[in-house]
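Inside the fold
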Amino acid sequence: MSKVQLKNISKSYESGNYAVKDINFEVDDKEFVVLVGPSGCGKSTILRMIAGLEEITSGELYIEDKRVNDISPKDRNIAMVFQNYALYPHMTVYENMAFGLKLRKFSKEEIKQRVSEAARILELEPYLERKPKALSGGQRQRVAVGRAIVRKPKVFLFDEPLSNLDAKMRVQMRTEISRLHKQLEATMIYVTHDQTEAMTMGNKIVVLKDGVINQISSPLDLYNSPANKFVAGFIGSPAMNFLKGKIVEENGLKFTSEKGTLSIGIPAIQSEKLTQYMNKNVYVGIRPEDIYDETNYGQISTYEKISVELDLVEPMGNEIYLYFQVEGVQFVARIPAREIPKHGSMKNLFIDISKIHFFDEKTETAIR
């Protein structure tokens, strides 16, 4: 079983600064786990420690229940796919994919069989005699993945492999890697700063910030039940809207913004958990897709109406992003593209109050 376990893993430097601190998570056999977070959060450092390319300061790393802290990268039977492809420009596609096997003294017959199988899976058969400069970015990335496949490793590691591709090619390669995971039934750990990649590819997502894990969960659970304000704002596109205010008693509990321009009645199902925050500051979080306009607010049973002046209107094809200010804070709503309102016009919008989130002002943890 190709299981990976990280137990209290930390990486620090002579300066005393930590790249990552007390990292604990497991990757089960055949699982696809995504490490996601902003640049500098430590996700690539974790991947490099798993690969053996970065020394572990403290903690224990296990692969197949074997402690591998002191085992060299070549003996961990792990394959890594990098952002920059790392192909040899003077070699053909076949030679690039075969190179690692030649170093390990595989027979010509075994090398041919493995490369042919990987080329078939990745649809690279017509390009085996070409050199990297004659390939597109997506084809080069497939060659890099093929070079990993031929080794038949215990674990695949992907370090932001799609960052150098254009938007259309990223979507295509995202689909191909997900298909590959199902086809190979392999254990995969994938690093990205793109939350869309994380949400669409991972069985389990590890969200990192400043070298610390903020939440580990399924994509749907991260979206519906973020552990804190950071996760709530990082997961989802466009990002969640936030506004600070107080919980007050006014014919039931209400959230009232600092300047009093926004007042939201709190549904009974959420009132009990917010009673302890009476007259205290909290953050309210509202996703752009939970704000409706006059054409579709009838889909929701409980709402709060607001009238806003539109700062910016972005047509996105099948939907429109509306930007406006609430007490000086930039908000965005995501509505169907039935008509395109004008910049500077007034617009009635309706907040689905059954979907709002609340966060503690000081700790920024979700109030549940």
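Scroll up a little and you will see the structure.
Overview of the structure. (Residues numbered from 1 in each chain as written. Predicted model: local features only at pLDDT ≥ 70, side-chain atom pairs only at ≥ 80, totals over all residues. Heavy atoms only, no water.)

1. A word on the overall build of the chain
Secondary structure assignment for the chain yields nine helices and 20 strands. With the C-alpha coordinates of the chain rotated into their principal frame, the extents come out at 80 × 45 × 35 Å. Residue burial in the chain is summarised as follows: out of 368 residues, 50% are buried. Pairs at least 24 residues apart make up 66% of the contacts formed inside the chain by residues separated by at least 6 positions. (Helix = DSSP H or I, 4+ residues; strand = E, 2+ residues; numbered from the N terminus. Buried < 20%, exposed > 50% of the residue type's maximum accessible area, 1.4 Å probe, protein only. Contact = heavy atoms within 4.5 Å.)

2. Considering the packing of aromatic side chains
Evaluated as defined, the whole model comprises eleven aromatic pairs. Plain terms: the ring middles of Phe324 and Phe331 are 5.9 Å apart, the flat faces sit at 40° to each other, and that makes the pair tilted. On the basis of relative accessibility, which here comes to 0%, the residue Phe324 falls in the buried class. Assessed through its relative accessible area of 3%, Phe331 is described here as buried. (Phe/Tyr/Trp six-rings, centres within 6.5 Å; stacked < 30°, edge-to-face > 60°.)

3. Topic: the nonpolar core
Core analysis: the biggest nonpolar cluster contains 47 residues, and Met97, Phe158, Ile177 and Tyr190 have the highest contact counts within it. Among residues more than four places away in sequence, those in contact with Met97 are Val115, Ala118, Ala119, Leu124, Leu128, Val143, Gly146, Arg147 and Val150. In terms of nonpolar packing, the next biggest core, distinct from the first, is built from 30 residues, Leu243, Ile247, Ile335 and Ile353 among them. (Core = buried A, V, L, I, M, F, W, Y, C linked by side-chain atoms within 4.5 Å.)

4. Remarks on unusual backbone geometry
The omega torsion across Ser237 and Pro238 is -5°, close enough to zero to call that bond cis. Its location among the elements puts Pro238 in the loop between helix H8 (229-234) and strand S11 (241-249). Look at Glu123: it is not a glycine, yet its phi comes out positive at around 55°. Mapped onto the elements, Glu123 comes out in the loop between helix H3 (108-121) and helix H4 (137-149). Overall, the relative accessible area of 54% leaves Glu123 in the exposed class.

5. Some thoughts on the sheet that holds strand S14 (residues 281-286)
Strand order in the open sheet made by the five strands is S13-S12-S11-S14-S20, with antiparallel pairing throughout. Both outer strands of the open sheet, strand S13 (263-265) and strand S20 (357-360), are each paired with one neighbouring strand and no more. For this sheet the average axis-to-axis angle between neighbouring strands, irrespective of direction, equals 40°. Here strand S12 (residues 253-257) pairs with S13 via three bridges, running antiparallel. Note on S13: the bridge partner recorded for Phe255 is Ile264. (Pairing = 2+ DSSP bridges. Axes fitted to C-alpha atoms, helices over the stretch in contact; angles between N-to-C directions.)

6. Description of the side chain of Asp293
Checked against the element boundaries, Asp293 lands in the loop between strand S15 (291-292) and strand S16 (303-315). Only 2.7 Å separates the side chain of Asp293 from the side chain of Thr295, close enough to count as a polar contact. With sequence-adjacent residues up to four places away left out, Asp293 is seen in contact with Ile335, Lys347, Asn348, Leu349 and Phe350. (Polar contact = N/O pair within 3.5 Å; in protein donor to acceptor, adjacent residues only side chain to side chain.)

7. Re the packing of H4 against helix H5 (residues 167-184)
The geometry of H4 relative to H5 is characterised by a closest axis approach of 11 Å and an angle of 20° between their N-to-C directions. What the angle tells us is that H4 and H5 run roughly parallel. For the element pair H4 and H5, the recorded crossing hand is right-handed. Here Gly138, Gln141, Arg142, Val145 and Ile149 of H4 lie close against H5, whose contacting residues are Met169, Gln172, Met173, Glu176, Leu180 and Leu184. (Parallel < 35°, antiparallel > 145°, perpendicular 65-115°, else oblique. Left-handed = near helix turned anticlockwise from the far one by under 90°.)

This is a description of form; function is not addressed.
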